[in-house]
Amino acid sequence: MLITKRLYLRPFTINDLEYLYLLHSNSEVAKSTIDGVQSIDVVKKHLDDFIQHQKQYGFSQWAVFEKDSEQFVGRAGFTFRTCLVSFLIPYLALFLLIF
């Protein structure tokens, strides 16, 4: 867990599906993403991927909450990605997505 003056961040759990779906089904949030508004099935797949990535590497996308209200406000973190050029290049990407 990571705690700041106003926020706390923690790894996602399977119980966070509703939070993540509310974020990724929000049309205003979707304007700042590549994938746009996402279905519950797509969000569930992302959540499973975040949880697996955390287990495998010890870091991933984390849930972000406002400390005082305990309201979910977004996600942030690092993820390994693969870039296809003429060969596979793994790289570390930072993501921040907030309501």
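Below or above, wherever it landed, is the structure these notes cover. It should be emphasised that the depicted structure is a prediction, and the values quoted were computed from it without experimental measurement.

**Topic: the packing of aromatic side chains**
Okay, step 1: Inspection of the entire model under this criterion finds seven aromatic pairs.
Okay, step 2: Between F65 and F72, the aromatic rings sit 5.6 Å apart at their centres with planes inclined by 70°, giving edge-to-face as the arrangement.
Okay, step 3: Of the residues examined, F72 reaches a relative accessible area of 6% and is grouped as buried.
Okay, step 4: Ring pairing ties together the aromatic residues Y8, F12, Y19, F50, F65 and F72, which thus form one cluster.

**Let's talk about the nonpolar core**
Okay, step 1: Residues Y8, F12, L20, L23, V29, V43, L47, F50, I51, A63, F65 and F72 constitute the largest nonpolar core, which totals 12 residues.
Okay, step 2: Broken down by secondary-structure element, the contributors of at least two residues to this core are helix 1 (17–24), helix 3 (40–57) and strand 3 (61–66).
Okay, step 3: Counting residues per element, this core draws most heavily on helix 3, at four residues.
Okay, step 4: Sequence-distant contacts of F65, defined by excluding residues within four places in its chain, comprise R6, L7, Y8, R10, Y19, E70, Q71, F72 and V73.

**Regarding the pattern of salt bridges**
A side chain with one charge can pair with a side chain of the opposite charge if their charged atoms come near.
Okay, step 1: In the structure shown here, the tally under the stated rule is four salt bridges.
Okay, step 2: Of the charged contacts in the structure, one is a salt bridge between R10 and D16, with a shortest N-O distance of 2.7 Å.
Okay, step 3: Residue classification places R10 among the buried residues on the basis of a relative accessible area of 19%.
Okay, step 4: For D16, a relative accessible area of 2% corresponds to the buried category.
Okay, step 5: K44 serves as the salt-bridge partner of D48, at 2.9 Å between the closest nitrogen and oxygen. Remark: K44 and D48 occur in helix 3; sequence separation between them is four residues, near one turn of the helix.
Okay, step 6: The class for D48 is partly exposed, based on a relative accessible area of 31%.
Okay, step 7: A relative accessible area of 31% means that K44 is categorised as partly exposed.

Rules and cut-offs
- Residues numbered from 1 in each chain as written.
- Predicted model: local features only at pLDDT ≥ 70, side-chain atom pairs only at ≥ 80, totals over all residues.
- Heavy atoms only, no water.
- Phe/Tyr/Trp six-rings, centres within 6.5 Å; stacked < 30°, edge-to-face > 60°.
- Buried < 20%, exposed > 50% of the residue type's maximum accessible area, 1.4 Å probe, protein only.
- Core = buried A, V, L, I, M, F, W, Y, C linked by side-chain atoms within 4.5 Å.
- Helix = DSSP H or I, 4+ residues; strand = E, 2+ residues; numbered from the N terminus.
- Contact = heavy atoms within 4.5 Å.
- Salt bridge = Lys/Arg side-chain N within 4 Å of Asp/Glu carboxyl O.

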